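# Architecture at a glance
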Amino acid sequence: MLGNGIILECRDLRKTYGDRVAVNGVSFSIRRGETYGLLGPNGAGKTTTISMICGLLERDGGTVVVDGKPMSPSAVDAKAVIGYVPQDLAIYPDLSARENLRFFGQLYGLSGKTLSARVDEVLEVIGLADRANDRADSFSGGMKRRLNIGIGMLHSPRLLVLDEPTVGVDPQSRNAILDTVDTLGGQGIAVLYTTQYMEEAERLCDRVGIIDEGRLKAEGTRRELVALVGQRDRIALSAQGDLEATARAVSALDGVEQVNRHEGGLDLFVKDARRMLPQLLSTVANAGASVSAVEVVEPNLEAVFLHLTGKALRD
Amino acid sequence: MRAALVIAFKDLRQRLRDRSLLIFGILAPLGLTLILNSVLGGTDGSFMPKLAVFDEDQSEVSRTFVEDVLGQLVTEGYVEVTPAASAEDAENLAEKGDVSAAVIVPAGFGQAVNSGQPAEVRVVGNPDSPIGRDIARSIVDDYVREVNGVRLAVALVAGSGGEASDPAGLAQKAVQMPSPVTLNLAESEDRQLDTKTYVAAGMAVFFLFFTVRAGVMSLLEERRQGTLARLLAAPISSTTIVVGKSLASFGFGLLSMAALVIASTVLLDAHWGDPIGVAALSIAAVIAAMGITSLVASVAKTEEQAVGISSTVAVVLGTLGGSFFPVSQGPAFLAKISLISPHGWLLRGFGDLAGGGGVGDVVGAVLAVLAFGVVTGGIAVLMLRSRGIAR
Ligand SMILES: Nc1ncnc2c1ncn2[C@@H]1O[C@H](COP(=O)(O)OP(=O)(O)OP(=O)(O)O)[C@@H](O)[C@H]1O
Ligand SMILES: [Mg+2]
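What you see is a predicted model; the values in this text were computed from it and never measured.

### Notes on the overall build of chain B
Within chain B, the regular secondary structure consists of 16 helices and five strands. Evaluated residue by residue, chain B yields a buried proportion of 48% over its 391 residues. Of the contacts formed within chain B by residues at least 6 apart in sequence, a portion of 78% connects residues at least 24 apart. For chain B, the computed accessible surface area is about 17,700 Å², with 63% contributed by carbon and sulfur atoms.

Given below as structure tokens:
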């Protein structure tokens, strides 16, 4: 396990809440120094998967091995390897940034000069050095988020697990967070990163797993995933009118491979968007729909998600 | 263990910062002690006990007591004295509640004192006026002590005539000499603390439940804040988390009890008695408060519910147990009922200590209070085990 450079290996993870299956047989692994993204919409099972990986949640099935150590809620050794950044803020509002960092650092076994030095370093990285002694409840949302991340990376973990760390963050903080994760990835730390944002996954991740309804639908590098869609372009049509009839008419056209209807219009996968467009628009008009916008999109992870699940990542 | 201490100190820092420790642990109980104490007339002199006095003896010695000792106190405005027609008359007045206490100097008192025989002064208390009775008792007590001092001095002088060369033997004689005058108290139950100490003990024990609660509830707070997930992800066992929280609660409780014992002693001149006994009862009290509060916390569905239920439990147990009024002075059934509450046992124990008892006298109370804590805390731990601390 150690020899092949794998830091995290999950196999066939399962978790059920009542009769709702939250995670349904998820398997993947992460190598040292690799940044792995879990891309999926609300309720896909990202947080549940991560909770099992970090030993917060008892699994209904499957195995998790971290740095060669089996993970479970009582596996202290395995937990020491991971730096965990929860999706919801997990900081003490009545303690200062420094006190928050010191407290969790001590729980991970840091002390004395090492602890102080690490705390100062992290404060610098998350851009809170000048607010280190202010209480966390005096921070802006973005600053709290950055502190939340800082706590996770404090003990220099070999695997950093971040659960949607940019949710509800202003663009400036978001950029800072992405830069930080990017840098850490470059330093040889393995990162598991969940997100609903295709751009974040594309920018940060060496490999991406696409998760929906508790299942891993596909997995690979960006290039590998895009290849799943084939050499096809995506056309996003915003249209009103009889969309059902329109979808039927459009599907019949030569070169149209897939049509997904949603409230505001249609999403199509076609062979060659540029050549198809005039014929497509007249077919739509004949079917009784009026087009308000057309967008031609080159293949990306969003398109992959749509292709795999028939729905958009976010509404 | 180190991690448990780290958690305990973090909690201590938080509780000091939100001042809950200061408010519930020290200011509220101390403030209420001061207020209740002055309402009950302990210190400001607005309460003046009436005593019915009957001197059956009519000797030199008894007249000294009635005229000089009591007379002086009347002049200084500490007590009112009503002469009674007979011993029965005096007792009737006390029992009807017309006076706080009856003081009866029986026939033969003076002669007994003069001949070095045991003699007694009777004090019959009015059950509704423990303070008046206490005052009467302490007056008589002082007098008895004084007479004994005189007797002892006389005995020493008398003895020294023949055996001046043997001071050691003389001292021994003095010690062996029977105490010639004794105080005869007509009350059946004698567990009552003096008012100041009683009020201080009642408030300390009552607020202990709120002080300790801040510690116990912090686990729920961590869950709400999301920090519990982080604690669970850290390389420490969930037992360590619970131990850390418990240490913190225990520390808050002891800190508060110690502060109140010291503050009431210094500010109010309360007399708690044997320090080891007080420490033993305090520790038991903290454990009981922790157990009961933990049980409430583990039964409650939400944090708000836990706070609400635990407040109610604290008030009910405190009232039943006598935190607000001395139940042992009320009807007998109230005194009995008070023992279904740890407060009842605690106040009884503190009463025994203040009345001069030692650790040995409060072993029963300590064990009873510990039992409350161990049983309720045990159930809470089992519930926590079966459900996990995550939810
Ligand atoms: N404690 C719980 N009790 C019951 N159901 C739960 C619980 N936690 C999660 N679920 C359900 O499990 C499914 C997966 O939830 P999960 O939180 O893992 O999704 P997610 O991918 O993290 O979503 P999001 O992007 O919104 O955070 C959802 O249907 C959710 O309702
Ligand atoms: Mg989530």
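That was the structure; now back to the text.
### Here's the deal with the pattern of salt bridges
Oppositely charged side chains can pair when the atoms bearing their charge come close. Residue and element names in this part refer to chain A. If you walk through the whole model with that rule in mind, you get 31 salt bridges over all chains. In this structure, the salt-bridge partner of Arg-11 is Glu-9, at a minimum N-O distance of 3.4 Å. Measuring nitrogen to oxygen at the nearest pair gives 2.5 Å for the salt bridge that ties Arg-131 to Asp-134. Among the ionic contacts, a cluster of salt bridges with common partners joins Arg-31, Glu-34, Arg-207 and Glu-219.

### Observations regarding the sheet that holds strand 1 (residues 6-17) of chain A
Sheet strands associate in pairs through backbone hydrogen bonding, adopting either a parallel or an antiparallel arrangement. All names here are of chain A. Here we have four strands laid out as an open sheet, ordered 2-1-4-5, and antiparallel in their pairing. One side of each edge strand has no neighbouring strand; the edge strands of this open sheet are strand 2 (20-31) and strand 5 (69-70). Taken together, the two bridges between strand 4 (residues 61-66) and strand 5 define a ladder with antiparallel strand orientation. Looking at strand 5, one finds that Val-65 is bridged to Pro-70.

### Looking at the site of ligand 1
A:Gly43, A:Lys46, A:Thr47, A:Thr48 and A:Glu164 are the nearest of the 15 residues found near ligand 1. Those chains with residues close to ligand 1 are chains A and B. Here A:Lys46 contributes a side-chain N or O atom positioned 2.8 Å from an oxygen atom of ligand 1. Contact between ligand 1 and A:Thr48: an oxygen atom at 2.5 Å from a side-chain N or O atom of the residue. For ligand 1, the accessible surface in isolation is 630 Å², of which the surrounding protein chains cover 69%. For the shell around ligand 1, the elements supplying multiple residues, two or more each, are strand 2 and helix 1 (46-53) of chain A.

### Topic: the coordination of the magnesium ion (ligand 2)
Residues and elements named next belong to chain A. In the first shell of the magnesium ion (ligand 2), the protein supplies Thr-47 (OG1) and Gln-87 (OE1), at 1.8 to 2.0 Å from the metal. Of the two residues, Thr-47 sits in helix 1 while Gln-87 sits in the loop between strand 6 (82-85) and helix 3 (97-107), which places them 40 residues apart along the sequence. By relative accessible area, which is 23% here, Gln-87 ends up partly exposed.

### Comments concerning the interface of chain A and chain B
Taken together, the contacts link 30 residues of chain A with 23 residues of chain B. Roughly 2,200 Å² of surface becomes buried between chain A and chain B when both sides are summed, with 61% attributable to carbon and sulfur atoms. Remark: the boundary between chain A and chain B carries two salt bridges. Among the ionic pairs, A:Glu99 bridges to B:Arg13, the shortest N-O distance being 3.7 Å. Here chain A and chain B share twelve residue pairs in polar contact (both at pLDDT 80 or more) between them. A breakdown of the residues in the side of chain A that touches chain B according to their chemical character gives 20 nonpolar, six polar and four charged.

### As for a nonpolar patch on the surface
Residue and element names in this part refer to chain B. On the surface, a nonpolar cluster with roughly 470 Å² of combined accessible area is contributed by Met-1, Leu-5, Phe-9, Val-243 and Leu-247. If you list the elements that add at least two residues to the nonpolar patch, you get helix 1 (2-17) and helix 11 (238-268). Mapped onto the elements of the fold, Phe-9 is located in helix 1. Taking the relative accessible area as the measure of exposure, Phe-9 reaches 56% and is therefore exposed.

### Topic: the confidence of the model for chain A
Parts of the prediction with low pLDDT should not have their coordinates interpreted in detail. Of the residues in chain A, 98% have a pLDDT of 70 or more, and the chain-wide mean is 90. Taken element by element, the predicted model of chain A shows its lowest mean pLDDT in helix 8 (residues 222-229) of chain A (81) and its highest in helix 3 of chain A (97).

### Describing the side chain of A:Ser173
Structurally, A:Ser173 is set in helix 6 (residues 171-186). Ignoring anything within four residues of it in the chain, the contact list for A:Ser173 reads A:Gly142 and A:Arg146.

### Here we look at the pairing of strand 12 (residues 256-262) of chain A
Residue and element names in this part refer to chain A. Of the strand pairs in this sheet, strand 12 and strand 13 (residues 265-270) are connected by six bridges, and their pairing is antiparallel. Directly across from Val-256, in strand 13, lies its bridge partner Val-270. Hairpin connection from strand 12 to strand 13: two residues lie between these consecutive antiparallel strands.

### Topic: unusual backbone geometry
Residue and element names in this part refer to chain A. The backbone of Asp-67 sits at a positive phi, close to 50°, despite the residue not being glycine. Mapped onto the elements of the fold, Asp-67 is located in the loop between strand 4 and strand 5. If you check the backbone angles, Glu-164 has positive phi at about 40° while not being a glycine. Looking at the secondary structure, you find Glu-164 in the loop between strand 7 (159-163) and helix 6.

### Quick notes on helix 11 (residues 301-309) of chain A
All names here are of chain A. By the burial criterion, the buried members of helix 11 are Leu-301, Glu-302, Ala-303, Val-304, Phe-305 and Leu-306. Between the side-chain oxygen of the N-cap and the backbone nitrogen of Glu-302 there are 3.1 Å, and the N-cap of helix 11 in question is Asn-300. Of the residues flanking the end of helix 11, it is Gly-310, one or two places downstream, whose phi is positive at about 75°.

### Quick notes on the packing of helix 15 (residues 342-354) of chain B against helix 16 (residues 359-387) of chain B
Residue and element names in this part refer to chain B. Between helix 15 and helix 16, the least distance of the axes is 9 Å, while the angle of their chain directions is 160°. Taken together, helix 15 and helix 16 sit at an angle that is classed as roughly antiparallel. Seen from above, helix 15 lies across helix 16 with left-handed handedness. For the pair formed by helix 15 and helix 16, the contact residues are Pro-342, Trp-345, Leu-346, Gly-349, Asp-352 and Leu-353 on the first element and Asp-361, Val-362, Gly-364, Ala-365, Ala-368, Val-369 and Phe-372 on the second. For the contact of helix 15 with helix 16, the per-class residue count stands at nine nonpolar, two polar and two charged.

### With respect to the packing of aromatic side chains
Tallying each qualifying case throughout the model produces ten aromatic pairs over all chains. Ring geometry for A:Tyr92 against A:Phe103: centres 5.6 Å apart, planes inclined by 75°, an arrangement best described as edge-to-face. Of this pair, A:Tyr92 sits in the loop between strand 6 and helix 3 while A:Phe103 sits in helix 3; the two residues are eleven residues apart in sequence, bridging distant segments of the chain. Neither A:Tyr92 nor A:Phe103 differs from the other in exposure class; each is buried. Seen from their ring centres, A:Tyr92 and A:Phe104 are 5.7 Å apart, and the 10° between their planes marks the pair as stacked. Highlighted residues: A:Tyr92 in the loop between strand 6 and helix 3 and A:Phe104 in helix 3, separated in sequence by twelve residues. Residue A:Tyr92 shares its accessibility class with A:Phe104, and that shared class is buried. Directly above the ring of A:Tyr197 sits A:Arg174, whose terminal nitrogen or CZ lies 4.4 Å from the centroid. The ring centre of A:Phe104 lies 5.6 Å from the NZ or CZ of B:Arg230, which sits over that ring.

About the criteria used
One numbering rule holds for all chains: residues counted from 1, following each sequence as written. Chain letters start at A and ligand numbers start at 1, both assigned in the order the entries are written. Note on the predicted model: pLDDT of at least 70 is required for a residue's local features to be given, and 80 or more for side-chain atom pairs to be given and counted; whole-chain, interface and lining totals, by contrast, use all residues. Side-chain measures here rest on the full set of heavy atoms in the structure, leaving out hydrogens and waters. Working definition: helices are DSSP H or I runs of at least four residues, strands are E runs of at least two. Numbering for both runs from the N terminus. Under the scheme applied here, a residue whose accessible area is under 20% of the maximum for its type counts as buried, over 50% as exposed, and between as partly exposed, the area being computed with a 1.4 Å probe on protein chains only. Note on contacts: a residue pair qualifies if any of its non-hydrogen atoms lie within 4.5 Å across the two residues. The protein chains shown are the only cover counted for residues, whose accessible areas, like all others here, come from Shrake-Rupley with a 1.4 Å probe. The term salt bridge refers to a side-chain nitrogen of Lys or Arg lying within 4 Å of a carboxyl oxygen of Asp or Glu. When DSSP finds at least two bridges between two strands, those strands are taken to pair. One heavy atom suffices: a residue is near a molecule or strand as soon as one of its heavy atoms comes within 4 Å of it. N or O atoms within 3.5 Å of each other form a polar contact, as long as, within protein, one can give a hydrogen and the other can take it, and as long as residues adjacent in sequence are counted only when both atoms are side-chain atoms. Only N, O and S atoms count as donors, using a 2.8 Å cut-off from the metal and 3.2 Å for Na, K and Ca, and because water is excluded some sites may appear unfinished. Buried area is calculated as the accessible area (1.4 Å probe) missing from two parts once they are joined, with the contributions of both summed. Each residue receives one of three labels: charged for Asp, Glu, Lys and Arg, nonpolar for Ala, Val, Leu, Ile, Met, Phe, Trp, Tyr, Cys and Pro, and polar for the others, Gly being one of them. Only residues whose relative accessible area exceeds 30% and that take part in no salt bridge are eligible for patches, with like-charged residues grouped when within 9 Å of each other and nonpolar side chains (Val, Leu, Ile, Met, Phe, Trp, Tyr) grouped when within 5 Å. Along the chain, pLDDT gives the predictor's confidence residue by residue, from 0 to 100. Fitting a line to C-alpha atoms yields each axis, with helices limited to the stretch in contact; the angle taken between N-to-C directions then spans 0 to 180 degrees. If an angle is under 35 degrees, it is roughly parallel; if it is over 145, roughly antiparallel; if it lies from 65 to 115, roughly perpendicular; otherwise it is oblique. The crossing is said to be left-handed when, going from far helix to near helix, the turn is anticlockwise and less than a right angle, and right-handed when the turn is clockwise. Aromatic pairs are defined between Phe, Tyr and Trp rings, using the six-membered ring for Trp, whenever the two ring centres lie within 6.5 Å; interplanar angles under 30 degrees are classed as stacked, those over 60 as edge-to-face, and all others as tilted. Our definition puts a charge over a ring when NZ of Lys or CZ of Arg is within 6 Å of the ring centre and also within 35 degrees of the ring normal.

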